[in-house]
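# Fold and geometry: a report
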Amino acid sequence: MKWIDLRSDTVTQPTPEMRKAMSEAVVGDDVYSDDPTVNELERLAAEMLGKEAALFVPSGTFGNQLALLTHTLRGDEVIVPSSNHIFVHEVGAASVISGVQLRIIESDDGMPALERIENAIRDDDLHSPRTSLISLETAHSSGRVLPVSYLESVRALADSNGLLIHLDGARIFNAAVALGISVADIARSADSVMFCLSKGLSAPVGSMLVGDEEFIKRARKGRKLMGGAMRQAGVIAAAGIVALKTMVERLGEDHENAKYFASALDQIPEISVFKERLDINMVFFRLEEIPGDYVVEHLERNRIKINPPDRGLYRLVTNKDVSREELEATANIVENAVRSWKSSH
Ligand SMILES: *Cc1c(COP(=O)(O)O)cnc(C)c1O
């Protein structure tokens, strides 16, 4: 029997069309820029994002850290909201790889007020690090999408202070589908964007870093330094092309399913769903009366995988491999878990 896996959208299996494209891909040595499939993926990614150039990288973390390495000098300061992936989930890589200091602005939704960003920009002073970059994230891992107007006002602030902007757009396609606009409309405010092929877009491996020609040329060298230059990478890039050509509009289904699942869970009195965080494919809820281990194990016995809660807060992620019927079944099993715990305590 199939497992229902709601831990993340990274768990999605490649589609049959992706597997076919992978087996038939024309490949070459990408370190010599000789892989036509990688070149095609990079061309397509740049075009969709409205940027001059793109670079295929092994993972989202790699793409973000390569952006920091390429934009900054050792000892620079990078302004980052406290809940962003670059600060929370990248193993402190910014200090190890680029040798930069992250200037953290407390923010649960990745949208700190403009004046708080402005106040964090350093003066040109003998004692201070140089602020060189602002890094933002959309869709944000809180399940919310940053409004384009917010990105535009940060852009204006960056311009008036001579700063660059990197956008962690791991789920930028979810953001664009949620807003009903093109990814280029979002990417416009940033100097560089990283996005993932391997999340809701369902490719098995890979992310893209996009920006202007000169930036990507330098990033290509940084990718080599970081050990991320791959040889016949067209085998995996082929799936990325299929992802960009066939899987973008489908993301809307994940968003609809998340709203459906949220309302089903919200029927359970012990659960409080975060309804203001339902922009994309993530459902956040609190269930504090019952130990997290108990819920996780009860679901696992019913062939459902979820991540343990983070201090009582659960995050479940809808994806292409979980149907609406399976979400309905999952909500029922969550309710069973609550009932059975209560009847024995
Ligand atoms: C997943 C994710 C990344 C990193 O991607 P990996 O491929 O897992 O390294 C970066 N930023 C955000 C917001 C993400 O959700």
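Computed from a predicted model, the values in this text were never measured in an experiment. Once a new chain begins, its residue numbering starts again from 1 and follows that chain's sequence as written. Whole-chain, interface and lining totals are the exception, using all residues; otherwise, since this is a predicted model, local features are given only for residues with pLDDT of at least 70 and side-chain atom pairs are given and counted only at 80 or more. Hydrogen atoms and water are omitted, and side-chain values are computed over all heavy atoms in the structure.

### Brief notes about the overall build of the protein
Definition in use: Think of it this way: any DSSP run of H or I at least four residues long counts as a helix, any run of E at least two long counts as a strand, and we number them from the N terminus. What the globule rule says is 2.2 Å times the number of residues to the power 0.38, and the radius of gyration is computed from C-alpha atoms. Type-normalised accessible area, obtained with a 1.4 Å probe on protein chains alone, sets the label of each residue: buried when under 20%, exposed when over 50%, and partly exposed for intermediate values. Whether two residues are in contact is decided by their heavy atoms, any of which lying within 4.5 Å being enough.
From N to C terminus, the protein includes 14 helices and 12 strands. For 345 residues, the compact-globule formula gives about 20 Å, and the C-alpha radius of gyration of the protein, at 21 Å, lands near that figure. Counting every position in the protein, which comprises 345 residues, the buried fraction comes to 56%. Intrachain contacts of the protein at a sequence separation of at least 6 include 76% that bridge at least 24 residues.

### So, the sheet that holds strand β10 (residues 282-286)
The condition is simple: Following DSSP output, two strands are said to pair if at least two bridges run between them. Whenever a helix is involved, its axis is fitted only over the stretch in contact; in every case the axis is a line through C-alpha atoms, and angles between N-to-C directions fall within 0 to 180 degrees.
Strand order in the open sheet formed by 3 strands is β9-β10-β12, with antiparallel pairing between adjacent strands. In this open sheet, the two strands that pair with only one neighbour each are β9 (272-273) and β12 (313-317). Pairing between β9 and β10: 2 bridges, direction antiparallel. Bridge pairing in β10 places V273 opposite F285. Of the strands in this sheet, β9, β10 and β12 are in contact with helix α12 (residues 251-266), which crosses β10 at around 15°.

### Focus: the site of the ligand
What counts, and what does not: Whether a residue is near a molecule or strand depends on its heavy atoms: it is near if one of them lies within 4 Å of it. Polar contacts, as counted here, are pairs of nitrogen or oxygen atoms within 3.5 Å of one another; within protein the pair requires one atom able to donate a hydrogen and one able to accept it, and residues that are adjacent in sequence qualify only if both atoms are side-chain atoms. Throughout, the Shrake-Rupley method with a 1.4 Å probe supplies accessible areas, and for residues the shown protein chains are the sole cover considered. Note on residue classes: Ala, Val, Leu, Ile, Met, Phe, Trp, Tyr, Cys and Pro are nonpolar, Asp, Glu, Lys and Arg are charged, and everything else, Gly too, is polar.
The full set close to the ligand counts 13 residues, and G60, T61, D168, R171 and K199 are the nearest of them. In this structure, T61 approaches the ligand through a side-chain N or O atom, which is 2.6 Å from an oxygen atom. One of the side-chain nitrogen or oxygen atoms of R171 is found 3.1 Å away from an oxygen atom of the ligand. Starting from 380 Å² of accessible surface for the ligand in isolation, the protein chains cover 83%. Breaking the shell around the ligand down by element, the ones donating at least two residues are α3 (60-71) and β7 (192-196). Broken down by element, the shell around the ligand gets its largest block of residues, 3 residues, from α3. Looking at side-chain class alone, the shell around the ligand contains 3 nonpolar, 5 polar and 5 charged residues.

### Description of the sheet that holds strand β6 (residues 164-168)
Taken in spatial order, the 7 strands line up as β2-β8-β7-β6-β5-β3-β4 in an open sheet, and their pairing is mixed. If you trace the sheet from one side to the other, it starts and ends with β2 (53-57) and β4 (101-105), each paired once. Going from strand to strand, the sheet's axes swing by 20° on average, the running direction of each strand aside. Here β6 runs beside β7; their pairing, made up of 3 bridges, is parallel. Across the sheet, residue D168 finds its bridge partner in β7, namely M194.

### Here's the deal with the domain arrangement of the protein
It is common to give the size of an interface as the accessible area that goes away when the parts come together. Stated formally: Either an automatic procedure or a domain database provided the assignment from which the domain bounds are taken. Once two parts are put together, the accessible area they lose, assessed with a 1.4 Å probe and summed over both, is termed the buried area. Salt-bridge detection follows one rule: a side-chain nitrogen of Lys or Arg within 4 Å of a carboxyl oxygen of Asp or Glu.
Domain boundaries assigned for the protein yield domain 1 (14-245) and domain 2 (250-344). For domain 1 versus domain 2, the distance between C-alpha centres works out to 30 Å. On the domain 2 side, the residues contacting the 16 residues of domain 1 number 13 residues. Together, the buried faces of domain 1 and domain 2 total about 1,200 Å²; carbon and sulfur atoms form 60% of this surface. The largest share of the area that domain 1 buries against domain 2 comes from G143, R171 and N174, three residues that together contribute 34% of it. On inspection of domain 1 and its partner domain 2, the count reaches 0 salt bridges. Between domain 1 and domain 2 we count 3 residue pairs in polar contact (both at pLDDT 80 or more) in total.

### A word on helix α11 (residues 234-246)
Applied cut-off: Multiplying 1.5 Å by the helix residue count minus one yields the expected span of that helix.
Helix length check: α11 (13 residues) gives 18 Å between terminal C-alpha atoms against 18 Å at 1.5 Å per residue, within 8%. Turning to α11, its buried residues are G234, I236, A237, A238, A239, G240, I241, V242, A243 and L244. Looking at the buried residues of α11, the elements they touch are α1 (16-24), α2 (36-49), β2, α8 (172-179) and β7.

### Some words on the nonpolar core
The tendency in soluble globular proteins is for nonpolar side chains to be buried as a group. Applied cut-off: Buried residues of nine kinds, namely Ala, Val, Leu, Ile, Met, Phe, Trp, Tyr and Cys, make up a nonpolar core once their side-chain atoms join them within 4.5 Å.
By size, the foremost hydrophobic cluster in this structure holds 61 residues, and its most contacted members are L49, F56, I134, I172, F173, F195 and L244. At 7 residues, the largest contribution of residues to this core is made by α11. Both of domain 1 (14-245) and domain 2 (250-344) provide at least three residues apiece to this core. Aside from chain neighbours lying at most four places away, what touches F195 is A45, L49, G169, A170, I172, F173, S207, M208, V210 and L244. Core analysis: the next-biggest nonpolar cluster, separate from the first, contains 28 residues, I268, I271, L287 and V322 among them.

### Details of the pairing of β12
With 4 of 5 residues buried, β12 is to be regarded as a mostly interior element. Here 5 bridges tie β10 to β12, and the two strands are oriented antiparallel to one another. Within β12, the position partnered with F284 by the bridge is R315.

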